[in-house]
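# Analysis of the macromolecular model
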Amino acid sequence: MIVVREAIRKMEGYVPGEQPQEEGYIKLNTNENPYPPSPRVVARLMEFLSRSSLALYPQPLSDRVRKKLEQVYGIPREWVMVGNGSDELLNLVFRVFAGRGDTVAYPFPTYTLYRTLAFLQEATPWEIPFPDDFSLPVDFVSARANLKVLCNPNSPTGTCVPLEAVEQLLSASACPVLLDEAYVDFASQSALSLLGRFANLLVARTLSKSFSLAGLRVGFLFAHPDILREVLKAKDSYNVSTLSQVGAEAALEEIGYAMENVEKIKRTRSWFAQAMEEMGFFVYPSQANFVLVRKRGENLAFLYEELKKRKVLVRYFREWPDALRITIGTDEQMEILLRNLREIVKG
Ligand SMILES: *Cc1c(COP(=O)(O)O)cnc(C)c1O
């Protein structure tokens, strides 16, 4: 008989949002960017393939990408590591800081991958409820844990706690604090500026959302070199493929292109949120590329289902049935969504 670790047998695997194979969907369920990546990124990948060989292994530490990061963010390369998506980096941080019986604290609701990663470690997830206004829970600030995680801006709410609150958290915590900044380019502030002041701060970023490169799988982890030295021990030798490194380097050179798309998405977010409010939804104030809309006490499963029949995918969470998370697409996509919603509600 095959014996599987009890911790694995007992846990449920993380379930990512639907990725339909069929064409023709308006996909507003997994917070991808509706705009394509910079054409220069694509050109660079093609050019690379035409003249270089994939027979060789990639650089183990993604040196060229880290050099670009130094130029773009002004953070020395010893303070950053590159990952196969930021999910890999979150995984590594849990591996390094949360062992069996340890406690990982994070405000809840949030990205449910944290729970999965804690279970894989046989660590205990400590889910501390956000207050109604989604400010930082005081119990979380004072919690004694082996690792704290804060998704900021948070998913699935889109809400963001101010930098002063993050500073309080860092000062009050003896343990490492992992800030998941997957959506930070859509917000007005980042904790990167705090790096030099707090030796317990780790910041995870990704090219998946603001840079339109979810398929490339590249993330960054910024932290004090003493921390990164430990995290690096846990990574695969060649964790970031050659193509991903080439694409990431080009994308960072094209950050202006990405930030223009971010501005477009923020403008769309603003009018779309207002339109949803006019339809009677409560819309959480979002600093991300999605909005969480809510009709207190109503089960919105049927809205999700009806939209899906009309080829519009949004995210429905069984644990949070009176809310839907809607990615901000192009203006046209959001207009189609609204038109369908109005029809459904009327019918
Ligand atoms: C999308 C997302 C990630 C994962 O990003 P990848 O770089 O694609 O792995 C991490 N954290 C949160 C909160 C996300 O929404």
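Note that the coordinates shown come from a computational prediction; the quantities given were computed from them, not determined experimentally.

### What about the overall build of the chain?
Check the secondary structure of the chain and you find twelve helices and twelve strands. Taking 347 residues into account, the globule formula puts the C-alpha radius of gyration at 20 Å, and the chain, at 20 Å, falls close to it. By principal-axis analysis of the C-alpha atoms, the chain measures approximately 60 × 55 × 50 Å. Here the analysis covers contacts within the chain between residues at least 6 apart in sequence; of these, 70% occur between residues at least 24 apart. Accessible area for the chain stands at about 16,500 Å²; split by element, carbon and sulfur atoms hold 52% of it. One finds the centroid of the 41 positive side-chain charges in the chain at a distance of 2 Å from the centroid of its 42 negative side-chain charges.

### Some words on the sheet that holds strand β7 (residues 201–206)
Strand order in this open sheet of seven strands is β2-β8-β7-β6-β5-β3-β4, and the pairing throughout is mixed. At either margin of the open sheet sits one strand with a lone partner, and together these are β2 (80–83) and β4 (124–129). Going from strand to strand, the sheet's axes swing by 20° on average, the running direction of each strand aside. Alignment of β7 against strand β8 (residues 219–223), held across five bridges, turns out to be antiparallel. For L202, the partnering residue across the bridge sits in β8 and is A223. Lying over the sheet, helix α3 (residues 63–73) contacts β2, β7 and β8, oriented at roughly 125° with respect to β2.

### Regarding the pattern of salt bridges
Counting across every chain of the model gives 24 salt bridges. When the shortest N-O distance is used, the salt bridge between K308 and E18 registers 2.7 Å. Of this pair, K308 sits in helix α11 (residues 301–309) while E18 sits in the loop between α1 (6–10) and β1 (26–28), and the two are 290 residues apart along the sequence. Among the charged side chains, a network of salt bridges with common partners joins E306, K309, R310 and E343.

### Remarks on the domain arrangement of the chain
Each domain of the chain was delimited in the assignment, giving domain 1 (6–36 + 256–346) and domain 2 (39–254). Taking only C-alpha atoms into account, the centre of domain 1 sits 24 Å from that of domain 2. Facing 30 residues of domain 1, the contacting portion of domain 2 comprises 29 residues. Between domain 1 and domain 2 the total buried area reaches about 2,400 Å² when both faces are included, carbon and sulfur atoms providing 64% of it. Taken as a group, M11, Y14 and Q287 account for 26% of the area that domain 1 buries against domain 2, more than any other trio of residues on that side. Summed over the shared surface of domain 1 and domain 2, the result is zero salt bridges. The interface formed by domain 1 and domain 2 holds twelve residue pairs in polar contact (both at pLDDT 80 or more) in total. Secondary-structure elements contributing two or more residues to the side of domain 1 that touches domain 2 are α1, α10 (255–278) and β10 (290–294). If you tally residues by element for the side of domain 1 that touches domain 2, the top one is α10, at nine residues. Classifying every residue of the side of domain 1 that touches domain 2 gives 18 nonpolar, eight polar and four charged.

### Section: the nonpolar core
F220 and F222 are the most contacted members of the largest nonpolar core, which has 46 residues in total. Discounting residues that sit within four places of it in the chain, F220 has contacts with V65, L69, V80, M81, V82, L89, V203, A204, R205, L207 and L252. With 34 residues, the next largest nonpolar core counts I265, F272, A275 and L303 among its residues.

### Concerning the site of the ligand
Every residue near the ligand is listed here: G85, S86, D87, Y111, C151, D180, A182, Y183, T206, S208, K209 and R217. A distance of 2.5 Å separates an oxygen atom of the ligand from a polar atom in the side chain of Y183. Contact between the ligand and T206: an oxygen atom at 2.5 Å from a side-chain N or O atom of the residue. Within the complex, 93% of the 380 Å² of free accessible area of the ligand lies under protein. Residue classes in the shell around the ligand are distributed as four nonpolar, four polar and four charged.

### Topic: the pairing of strand β3 (residues 103–108)
Where β3 and β4 come together, six bridges link them in parallel fashion. For V104, the partnering residue across the bridge sits in β4 and is P125. In this view, the connection linking β3 to its parallel neighbour β4 by way of helix α5 (residues 113–120) has right-handed handedness. Of the strand pairs in this sheet, β3 and strand β5 (residues 147–151) are connected by two bridges, and their pairing is parallel. Directly across from A105, in β5, lies its bridge partner K148.

### Some remarks on the packing of aromatic side chains
Two aromatic rings are characterised by how far apart their centres lie and by the angle between their planes. This model, assessed by the stated rule, comprises twelve aromatic pairs. Ring geometry for Y304 versus Y316: centroids 5.9 Å apart, planes at 20°, classification stacked. Separated by twelve residues along the polypeptide, Y304 in helix α11 and Y316 in strand β11 (residues 312–316) bring together distant segments of the chain. Across the pair, exposure class does not vary: Y304 and Y316 are buried alike. Members of the aromatic cluster, connected to one another through ring pairs, are F130, F134, F282, Y284 and W320. The ring of Y35 is capped by K264, whose NZ or CZ atom sits 4.2 Å from the centre of that ring. Positioned over the ring face of Y25 is K311, at 4.5 Å from the centre of the ring.

The rules behind the values
Residues numbered from 1 in each chain as written. Predicted model: local features only at pLDDT ≥ 70, side-chain atom pairs only at ≥ 80, totals over all residues. Heavy atoms only, no water. Helix = DSSP H or I, 4+ residues; strand = E, 2+ residues; numbered from the N terminus. Rg over C-alpha atoms; globule rule 2.2 N^0.38 Å. Contact = heavy atoms within 4.5 Å. Areas by Shrake-Rupley, 256 points an atom, 1.4 Å probe, with all protein chains shown as cover. Lys, Arg positive; Asp, Glu negative; His and termini not counted. Charge placed at Lys NZ, Arg CZ, Asp CG, Glu CD. Pairing = 2+ DSSP bridges. Axes fitted to C-alpha atoms, helices over the stretch in contact; angles between N-to-C directions. Salt bridge = Lys/Arg side-chain N within 4 Å of Asp/Glu carboxyl O. Domains from an automatic or database assignment. Buried area = accessible area lost by both parts, 1.4 Å probe. Polar contact = N/O pair within 3.5 Å; in protein donor to acceptor, adjacent residues only side chain to side chain. Nonpolar A, V, L, I, M, F, W, Y, C, P; charged D, E, K, R; others polar. Core = buried A, V, L, I, M, F, W, Y, C linked by side-chain atoms within 4.5 Å. Buried < 20%, exposed > 50% of the residue type's maximum accessible area, 1.4 Å probe, protein only. Near = heavy atom within 4 Å. Right-handed = clockwise from strand over helix to strand, strands pointing away. Phe/Tyr/Trp six-rings, centres within 6.5 Å; stacked < 30°, edge-to-face > 60°. Lys NZ or Arg CZ within 6 Å of the ring centre and 35° of its normal.

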